[in-house]
Amino acid sequence: MSKKTLLLFLLLIALKNLLQAQSVLPLQEGPNCSIRGLSVVNKRIAWASGSKGQVGLTKDGGKTWKWQQIKGFGQSDFRDVEAFSSREAVIMSSGTPALILKTKDGGTSWQTKFRQNDKAYFLDALAFADDRHGFALGDPVAGKFLLLETKDGGESWNPMLNSPTALPGEAAFAASGTCISTNGKTLTIVTGGKVSRMLMFEIGSKQKNAKWQTLPLPLLQGKDSQGAFSSARNKKQQLVVGGDYQDKQRTDSVVCAVSGSLLANVSARPPAGYQSCVAFIKGNIFISTGTSGSNITTDNGKTWRQIDKTSYNVCQKAKRGRLVLLSGDQGKIAVYKN
């Protein structure tokens, strides 16, 4: 065997071992609720939020959790959470009333920072550019996406000056808190329903004159259950996942990659069905999850491999550190291991 052949053989063995090592391991289960909000601060601290007014906090990387049903909000469905530390976090409730709450003492007390009883208001997700500057996205009201903005860490919320116009039958999905995202410079929204698009806005621009960039996405669309549900980016491109939540095994047009030239291409080998969330891990590696299971790509979304068949709603990597957690219905919490 030549030296070149031997090196290639050893490389293939190492790659095989790496792929086999990637797995999703269940952790302690939370209360019997649907957990769709997840924010991982570092290798130890993470917050989770869900239905029935439930919010959880871990300080040991997800091994144990302290859960609470927030007093007076037992009927609220907290679809998203943005955490800054073990003491400070913002949570958002979908449905009526539309709510944003904040704690600064580790969940001992919560203050209502936004409340709207109008049934037209349905909040979908939160995204923060930094600890101060954040956004809350809601379904369209009077033909425009509801977009709230905070510049004081969630203490106050005001309508964004030029929220994007929605096309007929277009909306966002409150499935994992990741239909809106930001890298600190660009705010990105992905949509679904009758049409599926990516909407992008430069955060530092003057809002009165700035325009939203729009890009049609080649994902499943045309029904209320179809479209783009989540996006995540690395330095090269942005991956968008979705599909049809009513047909979780359908694999065609459930993920696409958007390059810097604003070209969207469907993956050659897609995940094993509908995906409600995607998260960037490192380099060319992303993880996605949904009711059809969890999948991994190591080539920037060109090909995917299923690593777990358990249903989860959301996957999130630590803002600082390598910890990756997943959560789902019936209080399920898991960790991604590589």
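Residues numbered from 1 in each chain as written. Predicted model: local features only at pLDDT ≥ 70, side-chain atom pairs only at ≥ 80, totals over all residues. Heavy atoms only, no water.

### Quick notes on the overall build of the protein
Then, in step 1: Check the secondary structure of the protein and you find one helix and 30 strands.
Then, in step 2: On C-alpha atoms alone, the protein measures out to a radius of gyration of 19 Å, which is about the 20 Å that the 2.2 N^0.38 rule sets for 338 residues.
Then, in step 3: C-alpha atoms of the protein, sized along the principal axes, occupy 70 × 45 × 35 Å.
Then, in step 4: Per-residue burial for the protein yields a buried fraction of 54% across its 338 residues.
Then, in step 5: Long-range pairs, those at least 24 residues apart, make up 49% of the contacts in the protein with a sequence separation of at least 6.
Then, in step 6: Here the protein displays about 15000 Å² of accessible surface, and carbon together with sulfur accounts for 52% of that area. (Helix = DSSP H or I, 4+ residues; strand = E, 2+ residues; numbered from the N terminus. Rg over C-alpha atoms; globule rule 2.2 N^0.38 Å. Buried < 20%, exposed > 50% of the residue type's maximum accessible area, 1.4 Å probe, protein only. Contact = heavy atoms within 4.5 Å. Areas by Shrake-Rupley, 256 points an atom, 1.4 Å probe, with all protein chains shown as cover.)

### A few points about the sheet that holds strand β1 (residues 23–26)
Then, in step 1: Overall, antiparallel pairing links the four strands, which are arranged β1-β30-β29-β28 in an open sheet. Whereas interior strands pair on both sides, the edge strands pair on one side only; in this sheet they are β1 and β28 (314–317). The average undirected angle you get between the axes of adjacent strands in this sheet is 30°. (Pairing = 2+ DSSP bridges. Axes fitted to C-alpha atoms, helices over the stretch in contact; angles between N-to-C directions.)

### Looking at the pairing of strand β11 (residues 134–141)
Then, in step 1: For β11, a buried count of six out of eight residues is recorded, marking the element as mostly surrounded by other parts of the structure.
Then, in step 2: Across five bridges, strand β10 (residues 123–128) lies against β11 in antiparallel orientation. Bridging across to β11, Ala127 finds its partner in Phe135.
Then, in step 3: With antiparallel pairing between neighbouring strands as the criterion, β10 and β11 make up a hairpin whose turn holds five residues.
Then, in step 4: Examined bridge by bridge, β11 and strand β12 (residues 144–150) share seven bridges and lie antiparallel to one another. Considered in β12, the bridge of Leu137 is made with Leu147.
Then, in step 5: The antiparallel pairing of β11 with β12 creates a hairpin that spans two residues between the two strands, and Ala142 there sits at a positive phi of about 55°.

### What about the packing of aromatic side chains?
Two descriptors summarise a pair of aromatic rings, namely the distance from one centre to the other and the angle between the planes of the rings.
Then, in step 1: If you walk through the whole model with that rule in mind, you get ten aromatic pairs.
Then, in step 2: Measuring from ring centre to ring centre gives 6.1 Å for Trp47 and Trp110, while their planes differ by 90°; the resulting arrangement is edge-to-face. Here Trp110 lies in the loop between β8 (98–103) and β9 (111–116) and Trp47 lies in strand β3 (residues 46–50), a separation of 63 residues in the sequence.
Then, in step 3: Look at Trp47 and you get buried, because its relative accessible area is 1%.
Then, in step 4: Residue class for Trp110 comes out buried when judged on its relative accessible area of 15%.
Then, in step 5: Aromatic side chains Phe84 and Phe128 sit 5.2 Å apart centroid to centroid with 75° between the ring planes, which places their arrangement in the edge-to-face category. Here Phe84, found in the loop between β6 (77–83) and β7 (89–94), pairs with Phe128, found in strand β10; they are 44 residues apart in sequence, far enough to count as distant.
Then, in step 6: Judged by its relative accessible area of 9%, Phe84 is buried.
Then, in step 7: Of the residues examined, Phe128 reaches a relative accessible area of 9% and is grouped as buried.
Then, in step 8: Here the aromatic residues Phe173, Phe229, Tyr245 and Tyr274 are joined through ring pairs into a cluster of three or more. (Phe/Tyr/Trp six-rings, centres within 6.5 Å; stacked < 30°, edge-to-face > 60°.)

### Some points on the sheet that holds β12
Then, in step 1: Read from one edge to the other, the open sheet built from four strands follows the order β10-β11-β12-β13, with strand pairing classed as antiparallel. Of all strands in the sheet, those bounded by a partner on one side alone are β10 and β13 (158–159).

### Here we look at the side chain of Lys332
Then, in step 1: Inspection of the secondary structure assignment puts Lys332 in the loop between β29 (324–327) and β30 (333–337).
Then, in step 2: Beyond its immediate stretch of four places on either side in the chain, Lys332 contacts Glu29, Ile35, Thr310, Ser311, Tyr312, Leu326 and Ser327.

### Digging into the nonpolar core
One broad rule of soluble globular proteins: the nonpolar side chains tend to lie buried together.
Then, in step 1: Of all hydrophobic cores here, the largest spans 28 residues; its most connected members are Ile180, Leu217 and Val240.
Then, in step 2: Contributions of two or more residues to this core are made by β10, β11, β12, β16 (186–190), β18 (197–202) and β22 (255–259).
Then, in step 3: When residues of this core are assigned to their parent elements, the largest contribution, four residues, is made by β18.
Then, in step 4: With 27 residues, the next largest nonpolar core counts Val40, Ala279, Leu323 and Tyr336 among its residues. (Core = buried A, V, L, I, M, F, W, Y, C linked by side-chain atoms within 4.5 Å.)

### Let's talk about the pairing of β12
Then, in step 1: For β12, the tally of buried residues reaches six of seven residues, placing the bulk of the element in the interior.
Then, in step 2: Relative to β13, β12 is paired through two bridges, and the arrangement is antiparallel. Note on β13: the bridge partner recorded for Leu148 is Pro159.

### Quick notes on the pattern of salt bridges
Then, in step 1: Across all of its chains, the model carries eight salt bridges by this definition.
Then, in step 2: When the shortest N-O distance is used, the salt bridge between Glu155 and Lys102 registers 3.1 Å. One end of the pair, Glu155, is in the loop between β12 and β13; the other, Lys102, is in strand β8, with 53 residues separating them in the sequence.
Then, in step 3: Given the relative accessible area of 26%, Glu155 is considered partly exposed. (Salt bridge = Lys/Arg side-chain N within 4 Å of Asp/Glu carboxyl O.)

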